[in-house]
Amino acid sequence: MLDKEGIAKRIAKELKDGYYVNLGIGIPTLVANYIPDGMDVVLQSENGLLGIGPFPFEGDEDPDMINAGKQTITILPGSAIFDSAMSFGMIRAKKVNLTILGAMEVSENGDIASWKIPGKMVKGMGGAMDLVASAENIIVAMQHVNKAGESKLLPKCTLPLTGINCVKRIVTELAVLDVLPEGGFKLLERAPGVSIDQIKNATAGKLIVKGEIPEMTV
Amino acid sequence: MNKVVSNADEAVRDIQDGMTLMLGGFGLCGLPENSIAALVRKGVKNLTCISNNAGVDDFGIGLMLKQRQVKKMISSYVGENAEFERQLLSGELEVELIPQGTLATRCMAAGYGMPAIFTPAGIGTEVADGKEVRNCNGKDYLLEMAFEAGFAIVKAWKGDTMGNLVYRYTARNFNPVMAMAGKITIAEVEELVQPGELDPDHIHTPSIYVHRIFQGKDYEKRIEQRTVRKK
């Protein structure tokens, strides 16, 4: 089974040289720590920045330099800054190659719910609806089950949706799965030490297991 | 032409109860701090505020929420403000949550003189309820209307007395598109300079969009999430 860092490490293997990538808040943010050496990946922050650098050294924080999670950051040689309309323009126009975000639920047809629990939590969707509506390459990073032990990979989402038919791949502490265009979660890899039965038990939606399922390397 | 006003109180002098305001900033970054303080002092009520976030409990638009000056917020993310959540869940505050890109682009449309935009954000979700859907090249898009705001209030780093503006780093965020969208645009700047001192090639907001400008003071520039690494 993977911890959060492990999920981030596995997702980092999906990166390719030259990719422009948008990382959501939470586990996706950790992916930035595992960009392979020698690979050029430019991170997009939807408030209006290409080229997010590491956190500043203590004492060097600049209130005018933050990421979409409102954290103080630095910029890198080659970074560019722009307004929020242009930021979502490049997202809508599919210039961003890969979007990695968290979710509360994903359905077997690729719907995602991530922004609201009616009556309990009202935070808003931020940029998530824009990202999932336009991105062609969306990976969800999340836990396989919620805190109550219920599966987050469902036949149909129960929470208000963020977007429909959009999630392509899911990486959890148990597995890597693809959402098939015809519906269903196709099991690609098992996390170290995790059995197919464990994954079956944690997946409420249609799970497709064909042939040998390799253990992932992280 | 005289766009320069002496301070925030003079800049917001004719903002009245019930008006719709755009307020620049992302989180607490690039916020028109001086103007918000002046609106709190003025005590105008029943405002509709278009702003990506709602500040925190004791800073930014949170200060106006605390004084019950806001009737309705139009935002994309409001997770940082407990007082906001309380007023929302108790029904005291009306809230319209919209996707961040839709928010930015509805401002942009207003500034570019276009009545509406088509965007895929929100298709198949409750954001699409009651809105016109148009299929273009096999994909569905929502019709979203340009914003109409009596005033846009923005914060820039430098501005000249004609109203040209330059922003600093990610404090740019929503400020340029809101500056273009207000019927009357108020800009507060950290440094007010004479025409000619800003390189015309580096101006982010041309003066035509700005009606009032003043040099703010005592900027707090609060940091919401201080994240650092060890030396």
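Let me begin by describing the structure that accompanies this report. (Residues numbered from 1 in each chain as written. Chains lettered and ligands numbered in written order. Predicted model: local features only at pLDDT ≥ 70, side-chain atom pairs only at ≥ 80, totals over all residues. Heavy atoms only, no water.)

1. Side note on the overall build of chain A
Here is step 1 of the chain: Across its full length, chain A holds five helices and 15 strands.
Here is step 2 of the chain: Against the 2.2 N^0.38 benchmark of 17 Å for 218 residues, chain A shows a C-alpha radius of gyration of 17 Å, consistent with a compact globule.
Here is step 3 of the chain: Reported as C-alpha extents along the three principal axes, the dimensions of chain A are approximately 50 × 40 × 30 Å.
Here is step 4 of the chain: Split into buried and exposed, the 218 residues of chain A put 56% on the buried side.
Here is step 5 of the chain: Sequence-distant contacts in chain A: of pairs separated by 6 or more residues, those separated by 24 or more amount to 61%.
Here is step 6 of the chain: With an accessible surface of roughly 9200 Å², chain A has 53% of that area assigned to carbon and sulfur atoms. (Helix = DSSP H or I, 4+ residues; strand = E, 2+ residues; numbered from the N terminus. Rg over C-alpha atoms; globule rule 2.2 N^0.38 Å. Buried < 20%, exposed > 50% of the residue type's maximum accessible area, 1.4 Å probe, protein only. Contact = heavy atoms within 4.5 Å. Areas by Shrake-Rupley, 256 points an atom, 1.4 Å probe, with all protein chains shown as cover.)

2. Let's talk about the overall build of chain B
Here is step 1 of the chain: If you tally the helices and strands in chain B, you get six helices and eleven strands.
Here is step 2 of the chain: Within chain B, the proportion of its 231 residues that are buried is 55%.
Here is step 3 of the chain: Contacts spanning at least 24 positions in sequence make up 71% of the contacts within chain B whose residues lie at least 6 apart.
Here is step 4 of the chain: Of the roughly 9700 Å² of accessible surface on chain B, 47% is carried by carbon and sulfur atoms.

3. Overview of the environment of Pro118 of chain A
Residues and elements named next belong to chain A.
Here is step 1 of the chain: With respect to the helices and strands, Pro118 occurs in the loop between strand E8 (116-117) and strand E9 (121-122).
Here is step 2 of the chain: Between the C-alpha atoms of Pro118 and Val41, which are 77 residues apart in sequence, the distance is 37 Å.
Here is step 3 of the chain: Beyond its immediate sequence surroundings of up to four residues, Pro118 is in contact with Leu159 and Pro160.

4. So, the sheet that holds strand E7 (residues 139-145) of chain B
Residues and elements named next belong to chain B.
Here is step 1 of the chain: Read across the sheet, three strands follow the order E5-E7-E6 without closing on themselves; strand pairing throughout is antiparallel. For this open sheet the edge positions go to strand E5 (116-119) and strand E6 (133-136), each flanked by a neighbour on one side alone. The mean inter-strand angle of the sheet, taken between neighbouring strand axes irrespective of direction, is 35°.
Here is step 2 of the chain: The sheet contact formed by E6 and E7 spans four bridges and is antiparallel. Bridge pairing in E7 links Asn135 to Asp140. (Pairing = 2+ DSSP bridges. Axes fitted to C-alpha atoms, helices over the stretch in contact; angles between N-to-C directions.)

5. Things to note about the sheet that holds strand E10 (residues 138-141) of chain A
All names here are of chain A.
Here is step 1 of the chain: Reading across the sheet, the ten strands line up as E4-E3-E2-E1-E5-E10-E12-E13-E14-E15 and stay open at both edges, with mixed pairing between neighbours. Looking at strand neighbours, the two that pair on one side only are strand E4 (75-81) and strand E15 (207-208), the edges of this open sheet.
Here is step 2 of the chain: Note that strand E2 (residues 42-45) and strand E3 (residues 49-52) share two bridges and pair antiparallel. The partner of Ser45 across the bridge, within E3, is Leu49.

6. Observations concerning the environment of Gly79 of chain B
Here is step 1 of the chain: Mapped onto the fold, Gly79 of chain B is located in the loop between strand E3 (70-75) and helix H4 (82-89).
Here is step 2 of the chain: In the structure, Gly79 of chain B is positioned twelve residues away from Gly91 of chain B in sequence and 17 Å away in space, judged by C-alpha atoms.

7. Some points on the packing of aromatic side chains
All names here are of chain B.
Here is step 1 of the chain: Taken as a whole, this structure holds zero aromatic pairs over all chains when the rule is applied.
Here is step 2 of the chain: Sitting over the face of the ring of Tyr219, Lys155 holds its NZ or CZ atom 4.8 Å from the ring centroid.
Here is step 3 of the chain: One residue, Lys158, lies across the ring of Trp157, its end atom 4.5 Å from the ring centre. (Phe/Tyr/Trp six-rings, centres within 6.5 Å; stacked < 30°, edge-to-face > 60°. Lys NZ or Arg CZ within 6 Å of the ring centre and 35° of its normal.)

8. A short note on unusual backbone geometry
Here is step 1 of the chain: Although it is not a glycine, Lys94 of chain A adopts a positive phi angle of roughly 65°.
Here is step 2 of the chain: Mapped onto the elements of the fold, Lys94 of chain A is located in the loop between helix H3 (84-92) and strand E5 (98-101).
Here is step 3 of the chain: Given the relative accessible area of 35%, Lys94 of chain A is considered partly exposed.
Here is step 4 of the chain: At Arg68 of chain B, a residue that is not glycine, the phi angle is positive and equals roughly 55°.
Here is step 5 of the chain: Looking at where Arg68 of chain B falls in the secondary structure, it is placed in the loop between helix H3 (61-66) and E3.
Here is step 6 of the chain: For Arg68 of chain B, a relative accessible area of 45% corresponds to the partly exposed category.

9. Here's the deal with the side chain of Thr170 of chain B
Here is step 1 of the chain: Within the element layout of this structure, Thr170 of chain B appears in the loop between strand E9 (165-166) and helix H6 (175-181).
Here is step 2 of the chain: Of note is the side chain of Thr170 of chain B, whose polar atom sits 2.9 Å from the backbone nitrogen of Ile66 of chain A.
Here is step 3 of the chain: Here Thr170 of chain B is in contact with Asn47, Gly48, Leu49, Asp64, Met65, Ile66 and Ile81 of chain A together with Cys29 of chain B, once residues within four sequence places are set aside. (Polar contact = N/O pair within 3.5 Å; in protein donor to acceptor, adjacent residues only side chain to side chain.)

10. Details of the pattern of salt bridges
Here is step 1 of the chain: Summed over all chains, the structure comprises 24 salt bridges over all chains.
Here is step 2 of the chain: With its nearest N and O atoms 2.8 Å apart, the salt bridge here joins Glu126 of chain B to Lys116 of chain A. Separated into two different chains, Glu126 of chain B in the loop between E5 and E6 and Lys116 of chain A in strand E8 make up a pair that spans both.
Here is step 3 of the chain: Classification of Glu126 of chain B by relative accessible area gives partly exposed; the value is 34%.
Here is step 4 of the chain: A salt bridge links Glu144 of chain B to Lys131 of chain B, with the shortest nitrogen-to-oxygen separation between them at 3.2 Å. Of this pair, Glu144 of chain B sits in strand E7 while Lys131 of chain B sits in the loop between E5 and E6, and the two are 13 residues apart along the sequence. (Salt bridge = Lys/Arg side-chain N within 4 Å of Asp/Glu carboxyl O.)

11. Some points on the pairing of E5 of chain A
Residue and element names in this part refer to chain A.
Here is step 1 of the chain: Across the two faces of E5 the burial is the same, with Leu98 and Ile100 and Thr99 and Leu101 all buried.
Here is step 2 of the chain: Alignment of strand E1 (residues 20-23) against E5, held across three bridges, turns out to be parallel. In the sheet register, Leu23 faces E5, and the bridge partner there is Ile100.
Here is step 3 of the chain: Sheet analysis places E5 next to E10, joined by three bridges and oriented parallel.

That's the geometry; what it means functionally is another story.
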